[in-house]
Structure formats: C-alpha cells, structure tokens
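Now for the letters of each chain:
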Amino acid sequence: MTKTALFAEKQNENCPECGAALVIRSGRHGPFLSCSSYPACQYIRPLKAQADGHIVKILEGQFCPKCQAALALRQGRYGMFIGCSHYPECDHKEVIDKPEETTLQCPQCVQGHLLQRKSRFGKVFHACDRYPECQFAINNTPVAGTCIYCQYPLLMEKRTAQGVKIFCASKLCGKGADITNKDQDE
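Since this is a predicted model, take the numbers as computed values, not measurements.

Chemist: I'd love a proper account of the nonpolar core, names of residues and values included.
Modeler: One finds Cys-106, Phe-136, Tyr-152 and Leu-154 to be the most contacted residues of the largest nonpolar core, which totals 17 residues. When residues of this core are traced back to their parent elements, those giving at least two are strand E13 (154–160) and strand E14 (163–168). Ignoring sequence-local partners within four residues, the contact set of Tyr-152 consists of Pro-107, Phe-136, Gly-145, Thr-146, Cys-147, Cys-168, Ala-169 and Ser-170.

The following block contains the structure:
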C-alpha cells in the first residue's frame, strides 16, 4: 500500500471517544492515528498495518508445515522472513538467508563450529553454532591457525592501514601473527 493510499484510506475514520476525525501523525515509534481535537481528546491508536511482521507477498505453492496454510513473505523488525499467513494462530517462521557454516572449530567449547551471522544492524560476525551453551563470538573473519605466542587455536583477519593482517583471536593476546611468504625470503 502506498503512502498516499494509506493517508486517503484512514481519513474517513472517526474517533470512538468523541466522534471527531482521526488523523495520521508521526512519532518517534512511527506513524499513529490520533484524534483531531487533541488536546481536548487524547485518543491514539498505532497503525498495525505498518507494524512488525506485515505481509509483503503470499508465496504461491508453499504451505506451512504446522497448519498447511499458505506461507507469506513478511517484513519484520530485523528484515525479511518467511512466515505463516495465519499468524498469530500459527507462529511458524523461517529465515531467508541461512547462516554460512565454516569448517573452523570453536576454540572455546571445542564441540561446535563457527557460523557466519548478521546482527540486527546488518554487521557480519562469526559465532559458535551451540549458541546458548557456548557464547563465543568474533567480529572479524576467522582464519585457521595457531598463535605462536599463546598457542590459541584460532587467528583472525583484520584490516589495518597497512592492509589486511592476521592477528590472534584471543582477547587476552591479540598479537599479530608473523606469516612470511617463502618466495619473498629467497
């Protein structure tokens, strides 16, 4: 629904408390409906059509595994996702972008593997796939290897003013790893 159509559609509603026309106003949490006779009447109502999880498109031929209703592409607080069209009766949801799994083992718990994830702000980080039990996370790209100073089993790539360099992934060490190319020594 376009913004002009939204404004035109909501102009015909009246306030349930005083009977005056409702108008769309903008606040710090987004648009909302308010009584036009404010401050005499303080009736407000959020615009649910623009709220968290609204349907963008119904996906034809794809059905919910829980209730067999059609699946829908939805826009939520943290981006797009696929969910059941019968929400809130059915709460099935799927992520669109599956996290990329690396072959690197988690250095903290030694049982899980590192996954590439995105924060709610869109920043990429790597975390253990056993998240509630193991809370290891790293903001830089992990690299297989062992630190020569502290023997930590993971290194990371950092971008510096001199270019991309390799550092120890341990927060206690963090020293640069000396990786020399054999072709340059000859």
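Further notes follow.
Chemist: Lay out the side chain of Ser-34 with the relevant residues and their values.
Modeler: Note that Ser-34 resides in strand E2 (residues 30–35). Of the residues examined, Ser-34 reaches a relative accessible area of 4% and is grouped as buried. In terms of polar contacts, Ser-34 uses its side chain to reach the side chain of Arg-25, at 3.3 Å. Those residues within four positions of Ser-34 in sequence are excluded, and the remaining contacts are Ala-21, Leu-22, Val-23, Arg-25, Tyr-43 and Ile-44.

Chemist: Go over the environment of His-54, please, and point to the residues and values.
Modeler: Here His-54 shows up in strand E4 (residues 54–63). Accessibility expressed as a relative area gives 26% for His-54, which makes it partly exposed. A C-alpha to C-alpha distance of 5.5 Å links His-54 and Arg-74, two positions 20 residues apart in sequence.

Chemist: Now, about unusual backbone geometry: what can you tell me, with residues and values included?
Modeler: Excluding glycine, a negative phi dihedral is what most residues carry, and trans is how most peptide bonds are arranged. Pro-39 follows Tyr-38 through a cis peptide bond whose omega is 10°. In this structure, Pro-39 sits in the loop between E2 and strand E3 (44–46). Positive phi values are uncommon outside glycine, yet Val-110 reaches one of about 60°. Inspection of the secondary structure puts Val-110 in the loop between strand E8 (100–105) and strand E9 (113–118).

Chemist: How would you explain the pairing of E14 if you had to name every residue and give the values?
Modeler: Where E13 and E14 come together, 6 bridges link them in antiparallel fashion. Counted as the bridge partner of Met-156 is Phe-167 from E14. Hairpin geometry of E13 and E14 is characterised by an intervening segment of 2 residues between the two adjacent antiparallel strands.

Chemist: Can you lay out a nonpolar patch on the surface for me, pointing to particular residues and giving the numbers?
Modeler: Among the surface-exposed residues, Val-56, Met-80 and Ile-96 lie close enough to one another that they form a single nonpolar patch of about 240 Å² accessible area. Tracing the chain through its elements places Ile-96 in the loop between strand E7 (93–94) and E8.

Chemist: Outline the state of the cysteines, listing residues and values.
Modeler: Taken as a whole, this structure holds 0 disulfides when the rule is applied. For the unlinked cysteine Cys-90, the closest cysteine sulfur is that of Cys-64, found at 3.6 Å. By relative accessible area, Cys-90 is classed as buried at 7%.

Scoring rules and cut-offs
- Residues numbered from 1 in each chain as written.
- Predicted model: local features only at pLDDT ≥ 70, side-chain atom pairs only at ≥ 80, totals over all residues.
- Heavy atoms only, no water.
- Core = buried A, V, L, I, M, F, W, Y, C linked by side-chain atoms within 4.5 Å.
- Buried < 20%, exposed > 50% of the residue type's maximum accessible area, 1.4 Å probe, protein only.
- Helix = DSSP H or I, 4+ residues; strand = E, 2+ residues; numbered from the N terminus.
- Contact = heavy atoms within 4.5 Å.
- Polar contact = N/O pair within 3.5 Å; in protein donor to acceptor, adjacent residues only side chain to side chain.
- Pairing = 2+ DSSP bridges.
- Patch = residues over 30% accessible without salt bridge, like charges linked within 9 Å, V, L, I, M, F, W, Y side chains within 5 Å.
- Areas by Shrake-Rupley, 256 points an atom, 1.4 Å probe, with all protein chains shown as cover.
- Salt bridge = Lys/Arg side-chain N within 4 Å of Asp/Glu carboxyl O.
- Disulfide = S-S within 2.5 Å.

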